[in-house]
Amino acid sequence: DATCVPDGFRSTPDPNLPNNSGSVNLTVLPDGADLQIASKTRDRSIVTLGAGAASRINSTIVVRNNGPQVVSSNLVVTDELEASETFVSASGPWSCAAAGAPEVVTCTFTGTYPVGVGTTLNGANALVITTEAVAADADILNTACVGGSGGSAEPVTPGPDVDPNASNDCAGPG
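Here's what I pulled together on the structure shown here. Just so we're clear, the structure is a prediction, and the values are computed from it rather than from any experiment.

**With respect to the side chain of Asp 169**
Item 1. Position of Asp 169 among the secondary structure elements: in the loop between strand E9 (143-146) and strand E10 (170-171).
Item 2. Look at Asp 169: it is buried, it has no salt bridge, and the nearest opposite charge is Arg 64 at 12 Å.
Item 3. When near neighbours in sequence (up to four residues on either side) are disregarded, Asp 169 contacts Leu 35, Ile 37, Ala 144, Cys 145, Val 146, Gly 147, Ser 149 and Asp 163.

What follows is the structure in structure tokens.
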């Protein structure tokens, strides 16, 4: 057992005052889940105008959780479409709906939670959005966002519900 007695109350002064304190360096990371659009690709670069398979474009969106928290729920991706395309469907473990003009497709991950730190939602967990060209356009470009950017929602985490790094939240072209 040790007893600490303040300097004014002990009979023997401390002979080595410089060793009475210490310090340690810490790196403090912002809390939350840093969600990233790891990639966004399209399956074709030329389509024909009109309805049907020849005018359809599949965009594959891959999301990654860079941490430091897991995502407990509410992992949302938005994809703002060009006026020259319209939303047809989505696949993967995602629930999607389109609204507005031009359309914004909002998709919520319906797969297994929590989404762990370092987890990449690719392969069967990737989001595939199918659109259709409805007007002639030299370039159909749009941007997908996650983590509270571009109209997407902040992820729910065990810590604060925030994505601490907005610089990697959005990606295009596709």
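Resuming the write-up.
**Focus on the packing of aromatic side chains**
Item 1. Taken as a whole and assessed by the stated rule, the structure comprises two aromatic pairs.
Item 2. Here the aromatic rings of Phe 109 and Tyr 113 are separated by 5.4 Å at their centres, their planes lie at 75°, and the arrangement is edge-to-face.
Item 3. Residue classification places Phe 109 among the buried positions, given a relative accessible area of 4%.
Item 4. Classification of Tyr 113 by relative accessible area gives partly exposed; the value is 25%.
Item 5. Through a chain of ring-to-ring contacts, the aromatic side chains of Trp 94, Phe 109 and Tyr 113 assemble into a single cluster.

**Observations regarding the pairing of E9**
Item 1. Both strand E3 (residues 76-80) and E9 contribute to a ladder of four bridges, which runs antiparallel. For Glu 80, the partnering residue across the bridge sits in E9 and is Thr 143.
Item 2. Examined bridge by bridge, E9 and E10 share two bridges and lie antiparallel to one another. Across the sheet, the residue bridging to Cys 145 is Cys 170, located in E10.

**Points about the environment of Trp 94**
Item 1. Relative to the helices and strands, Trp 94 resides in strand E5 (residues 94-99).
Item 2. Residues Trp 94 and Phe 109, 15 residues apart in the sequence, show an inter-C-alpha distance of 4.5 Å.
Item 3. A distance of 3.0 Å separates the side chain of Trp 94 from the backbone oxygen of Asn 125, its partner in a polar contact.

**Some thoughts on the pattern of salt bridges**
Item 1. A full pass over the atoms with the stated rule returns three salt bridges.
Item 2. A salt bridge links Arg 56 to Glu 132, with the shortest nitrogen-to-oxygen separation between them at 3.0 Å. With Arg 56 in strand E2 (residues 56-68) and Glu 132 in strand E8 (residues 127-133), this pair connects stretches of sequence that are 76 residues apart.
Item 3. Looking at Arg 56, the relative accessible area reads 33%, which means it is partly exposed.
Item 4. Exposure remark for Glu 132: the relative accessible area of 11% places this residue in the buried category.

The rules behind the values
- Residues numbered from 1 in each chain as written.
- Predicted model: local features only at pLDDT ≥ 70, side-chain atom pairs only at ≥ 80, totals over all residues.
- Heavy atoms only, no water.
- Helix = DSSP H or I, 4+ residues; strand = E, 2+ residues; numbered from the N terminus.
- Buried < 20%, exposed > 50% of the residue type's maximum accessible area, 1.4 Å probe, protein only.
- Lys, Arg positive; Asp, Glu negative; His and termini not counted.
- Salt bridge = Lys/Arg side-chain N within 4 Å of Asp/Glu carboxyl O.
- Contact = heavy atoms within 4.5 Å.
- Phe/Tyr/Trp six-rings, centres within 6.5 Å; stacked < 30°, edge-to-face > 60°.
- Pairing = 2+ DSSP bridges.
- Polar contact = N/O pair within 3.5 Å; in protein donor to acceptor, adjacent residues only side chain to side chain.

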